[in-house]
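An overview of the molecular structure
Given next are the chains, with one letter for each unit.
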Amino acid sequence: MAPTYAVTGASGRLGGRIARRLAAAGVPQTLLVRTPARAPQLPRATAVPGAYDDHNAVARALRPTDRVLMVSASETPDRVAQHRTFIDAAAAAGVAHLVYISFYGAAPDATFTLARDHWHTEQHLRASGVPFTFLRDNLYADFMPALVGEDGVIRGPAGTGRAAVVAQDDIADAAVAVLRDPAGHVGRTYELTGPEALGLGEVAATLTAVTGRTVSYVPETVEEAYASRKGHGAPDWQLDAWVSTYTAIADGSLAGVTTAIEDLTGRPATSLEQVLRG
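Here we summarise the structure given alongside this text. (Residues numbered from 1 in each chain as written. Predicted model: local features only at pLDDT ≥ 70, side-chain atom pairs only at ≥ 80, totals over all residues. Heavy atoms only, no water.)

Another aspect to go through is the overall build of the protein. If you tally the helices and strands in the protein, you get 10 helices and 11 strands. On C-alpha atoms alone, the protein measures out to a radius of gyration of 19 Å, which is about the 19 Å that the 2.2 N^0.38 rule sets for 278 residues. In terms of overall dimensions, the protein has C-alpha extents of about 55 × 40 × 35 Å along its principal axes. Here the protein holds 278 residues, and 50% of them are scored as buried. By sequence separation, contacts in the protein at least 24 residues apart represent 74% of the contacts at least 6 residues apart. Just so you have it, the protein exposes about 12,100 Å², and 51% of that area is on carbon and sulfur atoms. Counting 24 positive and 29 negative side-chain charges, the protein places the averaged centre of each group 7 Å from the other. (Helix = DSSP H or I, 4+ residues; strand = E, 2+ residues; numbered from the N terminus. Rg over C-alpha atoms; globule rule 2.2 N^0.38 Å. Buried < 20%, exposed > 50% of the residue type's maximum accessible area, 1.4 Å probe, protein only. Contact = heavy atoms within 4.5 Å. Areas by Shrake-Rupley, 256 points an atom, 1.4 Å probe, with all protein chains shown as cover. Lys, Arg positive; Asp, Glu negative; His and termini not counted. Charge placed at Lys NZ, Arg CZ, Asp CG, Glu CD.)

In structure tokens:
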């Protein structure tokens, strides 16, 4: 009997990429989404309600499912609690293998505050008894243009640090490779990165070269970073997340380069320039 698949986050950028790849390969799949009407219309895909904090809905949707792709929930103060509920439901449903999209260097004391959420999620999944694979993504290369302000400047307390930014398409290809042939990946953790670690000055130069718009990088102090972002009215945890994106670059937390993308997909990781050129 063919294995069964379920994908979360299919209405988002990464989950959607993975769902579309499975559909293109002719794989039937269940799409767990908070709002089924927002799910992409894909061949052989069935959208069902499956909010992470709804244990019963998730357990129903996943009973029985062989292979599940779990994209992390939206950034909220209770995200870890939502993840735990989802994992408990997956365990109750008897899921055979769960691939969790985590974050590079996830640890309880990670500089990037949201990476701590991922570590706690990983620990809960380890304890659940559900066979797992962790795909720990570095910062998204696709997100680099969003760092640029209206004045063409990237500002943040990243100093001269570097990040090995990774393409979302590469992550999706790696996830599909694990989902389609999980045997050698159970219990494994993969740190997914791009082919090189870039400073934000290099990111700015690449954006300038590709887009033709002059982009520059101006380092801030941590104090300046908090002050410049307070006007957005965001809660403290969100400010901490924003600022720590840059301080994690500054202290080298995101600088390591791995071969995981090539190991999983059979081709080299995509550079920032290639991502921007599409």
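Bringing the sheet that holds strand E2 (residues 29-33) into the picture now. Strand order in this open sheet of seven strands is E3-E2-E1-E4-E5-E6-E9, and the pairing throughout is parallel. Lying at the two open borders of the sheet, with one neighbouring strand each, are strand E3 (45-49) and strand E9 (189-192). Pairs of neighbouring strands in the sheet enclose a mean axial angle of 20°, with direction left out of account. Sheet analysis places E2 next to E3, joined by five bridges and oriented parallel. Paired with glutamine 29 across the strands is alanine 45, a residue of E3. (Pairing = 2+ DSSP bridges. Axes fitted to C-alpha atoms, helices over the stretch in contact; angles between N-to-C directions.)

A few words on the nonpolar core. Among soluble globular proteins, nonpolar side chains are generally buried collectively. Residues Ile18, Leu22, Leu69, Leu135 and Leu192 are the most contacted members of the largest nonpolar core, which totals 32 residues. For leucine 22, the residues in contact, after removing those within four places along its chain, are Tyr5, Val7, Val27, Gln29, Val176, Leu179 and Arg180. Judged by nonpolar contacts, the second largest core, of 31 residues, contains Ala141, Leu200, Leu254 and Val275. (Core = buried A, V, L, I, M, F, W, Y, C linked by side-chain atoms within 4.5 Å.)

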